[in-house]
Amino acid sequence: MITSPTSSPPGRTEPVPHEVGLLAGDPVGLARLGMLVTELTRAARAGLRRRSGPLPPLTPDELAAQVRADLAGGVLPRDGRGTAAVVDLVRRYAAGTVDLADPAAAAHLQPPALTVAVSAEAVAAAFNASVDTWDSGPYAVELERHVVRALLDLVGLPATGDGVFTSGGTASNLHALLIARDAAARRLGVDPARGWPARPVVYCSAAAHFSTARACAVLGLGADAVRTVPVDGEYRMRVEVLARELAALGDDAVPVAVVATAGTTDYGSVDPLRECGILARRYGARLHVDAAYGGGALFSDRLRHLLSGVDGADTVTLDLHKVGWQPAAASVLLSRDAADFAPHRVDYLNPADDGAAGYDGLLDRSVLATTRRADALKVAATFLAYGRDGLGGMLDACHDLARHAERRIAAHPRFDLAAGATLTTVVFRYRDGTDGVNGALRRRLMRSGTALLGRTAVPERGVHLKLTMLNPAARPEDVDELLAAVAAAGAEVAA
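Not measured: the values here are computed from a predicted model.

Some thoughts on the nonpolar core
Reasoning step 1: Counting residues in hydrophobic clusters, the biggest one holds 59 residues, and the most contacted among them are Leu 242, Val 289, Val 316 and Leu 334.
Reasoning step 2: When residues no more than four places from it in sequence are discounted, the contact partners of Leu 242 are Tyr 203, Val 229, Met 237, Val 258, Cys 276 and Leu 279.
Reasoning step 3: Formed by 27 residues, the second largest nonpolar core is a distinct cluster that contains Ala 106, Ala 451, Leu 467 and Met 469.

Here's what the structure looks like:
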């Protein structure tokens with residue numbers, strides 16, 4: 001372990017004594033990493049055994065007090081305490097964190113990670129490559145290009161396309177709308193930083209992700225540039241309304257983009273992508289498809305029809321840390337035209353003569369990050385290990401669980417079904433309770449550590465509960481137990 005000098009004059013720092021295996025990426029360090037990961041894994045398993053359920057049976061205040069007690073000596077002591085302190089920390093962390101592999105964890109678009117992906121992630125972290133320059137991560141740079149090409153093919157975008165890994169769907173959507181903003185500005189011959197001759201407008205459905213409005217605010221378009229289009233009974237954008245609104249635009253407005261959602265966060269619904277694309281092209285706007293959730297349907301022969309028309313998009317967001325079972329982050333923005341990623345050269349990173357000689361990294365692809373991790377390694381490892389059919393089978397298993405939950409909820413005397421399983425999400429409500437009861441029963445399950453459900457507000461229908469089934473190892477009987485726990489908690493809270 002690293003040791004500190006026992007005595008040194010004030011203001012003077014002694015060199016750290018050499019530690020065998022100090023650095024993870026050298027041969028000795030990799031060997032030590034393997035041993036340490038094994039030890040930490042044992043500690044994590046011991047921590048999980050301290051409880052049952054996806055959450056620790058603690059209130060937020062109790063957990064905060066526990067962490068304060070665990071770190072009573074401070075999180076940055078003057079003298080390090082060696083790997084024994086790390087083992088103890090990991091044991092406590094596992095006892096107090098969320099266990100997404102528990103079948104009763106069904107709240108968010110946050111899946112349990114695949115073992116093969118986590119293993120590859122550890123290797124990527126050990127070498128700490130970055131893909132901004134070729135010499136910062138040669139193999140990582142080429143690997144990202146190959147993974148992006150595979151995803152372009154999966155979506156059906158042309159060979160002229162390109163893409164970039166980002167930190168998440170919010171970042172991918174921001175980048176897509178930046179490209180759309182700049183394309184509209186070029187079309188009008190204006191500098192977007194100096195103002196617009198007409199009001200920029202971005203259309204999305206009323207069920208679209210909040211990142212669309214946030215991106216417009218960040219990009220200087222203003223959150224009021226977003227115009228939400230109402231949804232139908234299946235929570236899909238009503239394209240006839242979109243068509244009327246686009247046709248009614250006067251000279252005082254310019255359509256920048258239509259954002260179609262393939263897999264809404266709350267309902268898993270998919271907008272009519274092909275029709276949205278036709279309208280966007282007719283009025284000179286770009287079509288961006290936010291498929292952060294629903295893009296995973298392309299792995300499945302059963303569900304890929306839901307994304308019919310996605311190949312007509314100008315840009316597409318995919319989150320493989322949703323349907324893809326990757327540890328975060330593994331989001332990708334794809335574009336049908338590589339020219340959307342504007343060339344950008346920095347003398348100390350990617351000078352032109354290096355580029356001419358073939359030593360170019362991926363700095364041009366990203367506008368939101370310079371240093372970027374080799375996230376493509378874990379994705380490539382997963383693709384090679386399972387293939388498209390293997391990942392499609394995992395999604396089909398989750399879809400089966402969601403359909404099972406939908407049937408049980410529809411038949412249950414205490415539940416009202418609001419949205420069935422288009423993908424892997426089911427939205428429902430405890431029938432005998434108010435909004436307060438539905439919110440409180442969810443917190444009751446969290447407080448006991450028994451189950452983790454999502455919640456949302458269905459327009460004009462109040463607080464609802466949400467199951468997001470992303471555990472391909474869960475079983476139908478696990479769903480039955482989860483719903484029984486919800487019904488019991490609802491009765492207790494309502495009483």
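Points about the side chain of Thr 133
Reasoning step 1: With respect to the secondary-structure elements, Thr 133 resides in the loop between α4 (115-127) and α5 (138-155).
Reasoning step 2: Side chain to side chain, Thr 133 and Asp 135 meet in a polar contact 2.9 Å long.
Reasoning step 3: Only 2.5 Å separates the side chain of Thr 133 from the side chain of Ser 136, close enough to count as a polar contact.
Reasoning step 4: Not counting residues up to four positions away in its chain, the partners in contact with Thr 133 are Val 141, Leu 349 and Gly 361.

Focus on the pairing of strand β10 (residues 425-430)
Reasoning step 1: Burial runs high along β10: six of the six residues are buried.
Reasoning step 2: Where burial is concerned, the two faces of β10 agree: the one with Thr 425, Val 427 and Arg 429 and the one with Val 426, Phe 428 and Tyr 430 are both buried.
Reasoning step 3: Here strand β9 (residues 415-419) folds back onto β10, and the loop between the two strands holds five residues.
Reasoning step 4: In the sheet, β10 pairs with strand β12 (residues 462-468) via four bridges, with the strands oriented antiparallel. Note on β12: the bridge partner recorded for Val 427 is Lys 466.

With respect to the environment of Arg 403
Reasoning step 1: Looking at where Arg 403 falls in the secondary structure, it is placed in helix α11 (residues 376-411).
Reasoning step 2: Between the C-alpha atom of Arg 403 and that of Thr 424, which follows or precedes it by 21 residues, the distance is 7.8 Å.
Reasoning step 3: When residues no more than four places from it in sequence are discounted, the contact partners of Arg 403 are Arg 302 and Ala 421.

Focus on a nonpolar patch on the surface
Reasoning step 1: A contiguous nonpolar surface patch, about 510 Å² in accessible area, is contributed by Val 67, Leu 71, Val 75, Leu 76 and Leu 89.
Reasoning step 2: Looking at the secondary structure, you find Leu 71 in the loop between α2 (60-70) and α3 (82-96).

Some words on the pairing of β9
Reasoning step 1: Of the strand pairs in this sheet, β9 and β10 are connected by four bridges, and their pairing is antiparallel. Its bridge partner being in β10, Asp 416 is matched across the sheet by Arg 429.

Here we look at unusual backbone geometry
Reasoning step 1: The omega torsion across Ala 328 and Ala 329 is 10°, close enough to zero to call that bond cis.
Reasoning step 2: Looking at the secondary structure, you find Ala 329 in the loop between β7 (315-319) and β8 (331-335).
Reasoning step 3: A positive phi angle is found at Asn 128, which is not glycine, with a value near 55°.
Reasoning step 4: Position of Asn 128 among the secondary structure elements: in the loop between α4 and α5.
Reasoning step 5: In this structure Asn 128 comes out as exposed when scored by relative accessible area, which is 63%.
Reasoning step 6: A positive phi angle, near 65°, is found at Glu 460, a position not held by glycine.
Reasoning step 7: Among the structural elements, Glu 460 can be located in the loop between β11 (452-458) and β12.

Some words on the packing of aromatic side chains
The relation between two aromatic rings is expressed through the spacing of the ring centres and the mutual angle of the planes.
Reasoning step 1: Per the stated rule, a full pass over the model turns up four aromatic pairs.
Reasoning step 2: Ring geometry for Tyr 235 against Tyr 267: centres 3.7 Å apart, planes inclined by 10°, an arrangement best described as stacked. Placement of Tyr 235 in the loop between β4 (226-229) and α8 (239-247) and of Tyr 267 in the loop between β5 (253-261) and α9 (273-282) is noted, with a sequence separation of 32 residues between them. Each of the two residues, Tyr 235 as well as Tyr 267, counts as buried.
Reasoning step 3: Taken together, a centroid distance of 6.0 Å and an interplanar angle of 70° make the contact between Phe 299 and Phe 383 edge-to-face. Placement of Phe 299 in the loop between β6 (286-291) and β7 and of Phe 383 in helix α11 is noted, with a sequence separation of 84 residues between them.

Focus on the environment of Val 379
Reasoning step 1: Residue position: Val 379 is located in helix α11.
Reasoning step 2: Here the alpha-carbon distance between Val 379 and Val 37, two residues 342 residues apart in the chain, equals 21 Å.
Reasoning step 3: Residue contacts for Val 379: discarding those within four places in its chain leaves Val 147, Phe 165, Leu 320, Gln 326 and Ala 330.

So, α5
The periodicity of an α-helix, 3.6 residues per turn, causes residues three or four places apart in sequence to face the same way.
Reasoning step 1: The end-to-end C-alpha separation of α5 is 26 Å, in line with the 26 Å expected for 18 residues at 1.5 Å each.
Reasoning step 2: Of all the positions in α5, only Ala 140, Val 141, Leu 143, Glu 144, Val 147, Val 148, Leu 151, Leu 152, Leu 154 and Val 155 are classed as buried.
Reasoning step 3: At the C-terminal side of α5, Gly 156 shows a positive phi close to 95°.

Here's the deal with the sheet that holds strand β1 (residues 105-106)
Reasoning step 1: Within the open sheet, the five strands sit side by side as β1-β11-β12-β10-β9. Their pairing is mixed. Looking at strand neighbours, the two that pair on one side only are β1 and β9, the edges of this open sheet.
Reasoning step 2: Bridge count between β1 and β11: two bridges; the pairing is parallel. Bridge pairing in β11 places Ala 106 opposite Leu 453.

Structural notes on the packing of helix α1 (residues 27-48) against α3
Reasoning step 1: Between α1 and α3, the shortest axis-to-axis distance is 7 Å and the interhelical angle comes to 40°. In terms of axis orientation, α1 runs oblique to α3. Crossing angle aside, the handedness with which α1 passes α3 is right-handed. Judged by residue contacts, Arg 32, Leu 36, Glu 39, Leu 40, Ala 43, Ala 44, Ala 46, Gly 47 and Leu 48 of α1 engage Thr 83, Val 86, Val 87, Val 90, Arg 91, Ala 94 and Ala 95 from α3.
Reasoning step 2: Class assignment for the residues of the contact of α1 with α3 results in eleven nonpolar, two polar and three charged.

What counts, and at which threshold
Residues numbered from 1 in each chain as written. Predicted model: local features only at pLDDT ≥ 70, side-chain atom pairs only at ≥ 80, totals over all residues. Heavy atoms only, no water. Core = buried A, V, L, I, M, F, W, Y, C linked by side-chain atoms within 4.5 Å. Buried < 20%, exposed > 50% of the residue type's maximum accessible area, 1.4 Å probe, protein only. Contact = heavy atoms within 4.5 Å. Helix = DSSP H or I, 4+ residues; strand = E, 2+ residues; numbered from the N terminus. Polar contact = N/O pair within 3.5 Å; in protein donor to acceptor, adjacent residues only side chain to side chain. Pairing = 2+ DSSP bridges. Patch = residues over 30% accessible without salt bridge, like charges linked within 9 Å, V, L, I, M, F, W, Y side chains within 5 Å. Areas by Shrake-Rupley, 256 points an atom, 1.4 Å probe, with all protein chains shown as cover. Salt bridge = Lys/Arg side-chain N within 4 Å of Asp/Glu carboxyl O. Phe/Tyr/Trp six-rings, centres within 6.5 Å; stacked < 30°, edge-to-face > 60°. Expected span 1.5 Å × (residues − 1). Axes fitted to C-alpha atoms, helices over the stretch in contact; angles between N-to-C directions. Parallel < 35°, antiparallel > 145°, perpendicular 65-115°, else oblique. Left-handed = near helix turned anticlockwise from the far one by under 90°. Nonpolar A, V, L, I, M, F, W, Y, C, P; charged D, E, K, R; others polar.

All we've got here are geometric facts, nothing functional implied.
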